[in-house]
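Coordinate analysis (summary)
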Amino acid sequence: MESAPTLTIQGADGAYPIFIRPGALADALPAFVAARRFSRVAVISNTTVGPLYGEALAARLPDAFLITVPDGEAHKTLSTATALYGELLAGGCDRSALVIALGGGVIGDLAGFVAATFMRGVAFIQAPTSLLAMVDASLGGKVGVDLPQGKNLVGAFKDPLAVFADTTTLRTLPPVERRCGLAETLKAGLIADPLLVAQLLASEPSPIEGVIARAVRVKKQAVEQDRLERGVRATLNLGHTFAHAIEQVSGYAWKHGEAVAVGLVAAARLSVRRGLAAPDLPITVERAVAALGLPARYSGLEPAALWDAMRHDKKFRGGAAHFVLLRDVGAPLMAADVPRADVIAVLESLREGA
Ligand code: NAD
Ligand code: MG
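Notes on the structure follow. (Residues numbered from 1 in each chain as written. Chains lettered and ligands numbered in written order. Predicted model: local features only at pLDDT ≥ 70, side-chain atom pairs only at ≥ 80, totals over all residues. Heavy atoms only, no water.)

Regarding the pattern of salt bridges
The criterion, for reference: What makes a salt bridge here is a side-chain nitrogen of Lys or Arg within 4 Å of a carboxyl oxygen of Asp or Glu, nothing more. In this text, helices come from DSSP runs of H or I with a minimum length of four residues, and strands from runs of E with a minimum of two, each type numbered from the N-terminal end. Here's how the labels work: a residue is buried when its accessible area is under 20% of the maximum for its type, exposed when over 50%, partly exposed in between, all with a 1.4 Å probe on protein chains only.
Inspection of every chain in the model, using the stated rule, returns 17 salt bridges. Residue Asp146 pairs with Lys76 through a salt bridge whose shortest N-O separation is 3.8 Å. Pair noted here: Asp146 is in strand 7 (residues 142–147) and Lys76 is in the loop between strand 4 (64–69) and helix 3 (78–90), with a separation of 70 residues, a long-range link. Look at Lys76 and you get buried, because its relative accessible area is 2%.

Structural notes on unusual backbone geometry
One non-glycine residue with positive phi stands out, namely Asn152, at about 55 degrees. In this structure, Asn152 sits in strand 8 (residues 150–157).

Overview of the site of ligand 1
For the record, the criterion: Proximity is defined per residue: any heavy atom of the residue falling within 4 Å of a molecule or strand makes that residue near it. N or O atoms closer than or at 3.5 Å make up a polar contact, with two conditions inside protein: a donor-capable atom paired with an acceptor-capable one, and, for residues adjacent in sequence, both atoms drawn from side chains. Charged means Asp, Glu, Lys or Arg here, nonpolar means Ala, Val, Leu, Ile, Met, Phe, Trp, Tyr, Cys or Pro, and polar covers whatever is left, Gly included.
Around ligand 1, 26 residues are found, and the nearest of them are Asp71, Glu73, Ser130, Lys142 and Thr172. For ligand 1, an oxygen atom lies 3.3 Å from a polar atom in the side chain of Lys151. Split by residue class, the shell around ligand 1 holds eight nonpolar, nine polar and nine charged.

So, the packing of aromatic side chains
Each aromatic ring pair is specified by the distance between its two centres and by the angle formed by the two planes. Filter applied, for reference: Two aromatic rings, drawn from Phe, Tyr or Trp (for Trp, its six-membered ring), form a pair once their centres lie within 6.5 Å of each other, and the interplanar angle then sorts them: stacked below 30 degrees, edge-to-face above 60, tilted otherwise. Charge over a ring is defined by NZ of Lys or CZ of Arg lying within 6 Å of the ring centre and within 35 degrees of the ring normal.
Applying the stated rule across the entire model yields four aromatic pairs. Consider the rings of Tyr85 and Phe118, whose centres lie 6.4 Å apart with planes at 15 degrees: the pair is stacked. Remark: Phe118 occurs in the loop between helix 4 (105–117) and strand 6 (123–128) and Tyr85 occurs in helix 3; sequence separation between them is 33 residues. Accessibility expressed as a relative area gives 5% for Phe118, which makes it buried. Among the aromatic side chains, those forming a connected cluster through ring pairs are Phe19, Phe32 and Phe164. Stacked on the ring of Phe32, the Lys or Arg Arg36 has its end atom at 3.6 Å from the ring centre.

Quick word on the packing of helix 6 (residues 175–192) against helix 7 (residues 194–201)
Here is the rule: Between N-to-C directions, angles span 0 to 180 degrees; the directions come from axes that are lines fitted to C-alpha atoms, helices contributing only their stretch in contact. We call two directions roughly parallel when the angle between them is under 35 degrees, roughly antiparallel when it is over 145, roughly perpendicular when it lies between 65 and 115, and oblique otherwise. Only heavy atoms enter the contact rule, under which two residues are in contact if any of them lie within 4.5 Å.
One way to put it is that helix 6 packs onto helix 7 with a least axis distance of 6 Å and a crossing angle of 140 degrees. Considering their axes alone, helix 6 and helix 7 lie oblique with respect to each other. Taken together, the residues of helix 7 that come into contact with helix 6 (itself represented by Leu182, Thr185, Leu186, Ala188, Gly189, Leu190 and Ala192) are Pro194, Leu196, Val197 and Leu200. Tallied by class, the residues present in the contact of helix 6 with helix 7 amount to nine nonpolar, two polar and no charged.

Focus: the sheet that holds strand 3 (residues 41–46)
Let me state the cut-off plainly: Think of it this way: DSSP has to see at least two bridges between two strands before they count as a pair.
Across the sheet, which stays open at both edges, the seven strands sit in the order 1-2-9-6-5-3-4 with mixed pairing between neighbours. Pairing within the sheet leaves two strands with one partner each, and these edge strands are strand 1 (7–11) and strand 4. Each adjacent strand pair in this sheet contributes to an overall mean axis angle of 20 degrees, direction not counted. Strand direction decides the pairing type here: strand 1 and strand 2 (residues 14–20), joined by five bridges, are antiparallel. Paired with Ile9 across the bridge in strand 2 is Tyr16.

Considering the side chain of Glu258
We count it as follows: Lys and Arg are tallied as positive, Asp and Glu as negative. Neither His nor the chain termini are counted.
If you trace the backbone, Glu258 turns up in helix 10 (residues 256–273). No salt bridge forms around the buried Glu258; measuring N to O, its nearest opposite-charge neighbour Arg179 is 4.2 Å away. Sequence-distant contacts of Glu258, that is, excluding residues within four places in its chain, are made with Val176, Arg179, Cys180, Leu294 and Pro295.

Right, dumping it as structure tokens:
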């Protein structure tokens with residue numbers, strides 16, 4: 001029997017359910033698949049997550065088999081996709097097959113891209129196992145792969161039939177990956193949910209299912225209003241203009257979530273500098289970042305180099321400096337034409353030792 005989802009998201013062809021609960025891979029997902037007809041079920045995972053959860057999941061599904069690819073962003077490529085098309089064919093998949101992405105955001109993007117393109121598109125389920133994938137990457141329908149020239153340059157919009165976030169899988173997630181997921185969770189709270197920020201700051205930890213559900217609700221609201229990312233969805237990039245610059249200028253030595261944490265502090269400081277927010281906003285953001293074990297400072301990177309990288313960010317429309325800033329927690333706005341001097345001053349203030 002199918003149980004009730006935690007919430008639903010309105011996609012291109014109707015609403016799809018999101019299940020956020022311990023054990024979802026053992027009960028809700030198999031029940032969902034059993035209630036529908038698929039010729040074959042391909043569980044796509046990687047060499048880390050596959051052995052932990054993939055064999056057990058495939059064993060619970062009719063006509064299912066597990067495909068594992070090497071772990072890491074370096075494998076989110078067209079050549080891995082090509083290998084996966086071959087495995088799907090060898091496994092007897094046709095247009096009535098189902099692809100399940102079991103893993104972090106890399107697997108979600110890659111398997112989703114394969115599901116969007118194999119036989120012009122087959123049914124797709126997201127089973128995120130990293131916190132970042134549960135609160136961010138598995139939602140909203142964006143899938144894709146990287147090119148040597150840059151990240152996520154080839155892709156599609158592919159809504160899943162459903163998303164199953166089994167929170168028991170987070171027990172094996174490395175602590176640094178958990179912190180990176182918490183950075184995106186904090187971002188969601190800062191954009192639209194002051195109570196979520198309060199939960200993250202509280203000394204008494206809240207159950208993770210509730211925290212995830214609140215962050216998912218923020219992304220749901222943004223993508224439902226703006227599925228193809230033409231406007232409001234851009235507020236989800238809070239802190240990301242700074243983060244992408246730190247990642248790029250450091251030669252990707254920084255993890256995305258840790259760079260986002262610095263970016264959130266930078267966005268809060270820039271908001272005050274532009275006269276938009278009260279001076280205590282960056283203090284709140286820094287306190288939250290610290291409470292989550294995330295960095296609020298960087299070192300070894302030149303502010304001028306970071307500014308140059310920002311100007312080339314693909315989300316910098318027409319070369320103009322667009323930033324997501326905050327009037328307050330829960331009140332984002334898009335700021336156009338932010339002067340270089342303000343950005344440099346904020347970057348200087350966040351340099352370690354400055
Ligand atoms: P990831 O997929 O590389 O996972 C991080 C690491 O954790 C990997 O080594 C993975 O194997 C491991 N892991 C995952 N779940 C585990 C578990 N339960 N137990 C043990 N190990 C586990 O990285 P990520 O942070 O999950 O996702 C980042 C990717 O998501 C990037 O490629 C990014 O572009 C993409 N992304 C996409 C969207 C979107 O809207 N499509 C949004 C945000 C990010
Ligand atoms: Mg991000």
